[in-house]
Amino acid sequence: MAHHRAEPAAVETAVTGMSWARAGGNAVLTDDVTTILGRPATTFTTWVEDHRDAFTPD
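Okay, so let's go over this structure. (Residues numbered from 1 in each chain as written. Predicted model: local features only at pLDDT ≥ 70, side-chain atom pairs only at ≥ 80, totals over all residues. Heavy atoms only, no water.)

When its secondary structure is counted, the chain shows 3 helices and 0 strands. Going from N to C terminus, the chain has its helices and strands arranged as α-α-α. Over its C-alpha atoms the chain spans a radius of gyration of 18 Å, topping by over 25% the 10 Å that the globule rule assigns to 58 residues. Across its three principal directions, the C-alpha atoms of the chain cover 45 × 35 × 20 Å. Within the span of the chain, comprising 58 residues, buried residues form 3% of the whole. One way to put it: in the chain the 4 positive side-chain charges average out to a point 8 Å from where the 8 negative ones average out. (Helix = DSSP H or I, 4+ residues; strand = E, 2+ residues; numbered from the N terminus. Rg over C-alpha atoms; globule rule 2.2 N^0.38 Å. Buried < 20%, exposed > 50% of the residue type's maximum accessible area, 1.4 Å probe, protein only. Lys, Arg positive; Asp, Glu negative; His and termini not counted. Charge placed at Lys NZ, Arg CZ, Asp CG, Glu CD.)

Structure follows, in structure tokens:
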């Protein structure tokens, strides 16, 4: 960000936020997916495997 001339305060804010998330500050588990979909969430890997054809050229 600094290389692309972002304001120093913006760089500091971004680094602080990323450090907070990396340290687990955003580790919040909810049952929202189950409530909305009526089934448990799946992993991203499962989603990719289930939708591989949508991203594969014919």
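Another aspect to go through is the packing of aromatic side chains. In total, this model carries 2 aromatic pairs according to the counting rule given. Each ring, one from Phe 44 and one from Trp 47, has its centre 5.9 Å from the other, and the planes form 20°; the classification is stacked. A residue pair is termed a helical-turn pair when its members lie 3 or 4 positions apart in one helix, as Phe 44 and Trp 47 do in helix 3 (residues 44–51) at 3 residues. In this structure Phe 44 comes out as exposed when scored by relative accessible area, which is 63%. Their ring planes at 55° and their centres at 5.9 Å tell us that Trp 47 and Phe 55 sit as a pair that is tilted. By relative accessible area, Phe 55 is classed as exposed at 61%. Three or more aromatic residues link up through ring pairs in this structure, and these residues are Phe 44, Trp 47 and Phe 55. (Phe/Tyr/Trp six-rings, centres within 6.5 Å; stacked < 30°, edge-to-face > 60°.)

Right, let's talk about unusual backbone geometry for a bit. Unusually for a residue other than glycine, Arg 5 sits at a positive phi of about 65°. Looking at the element boundaries, Arg 5 is found in the segment before helix 1 (8–25).

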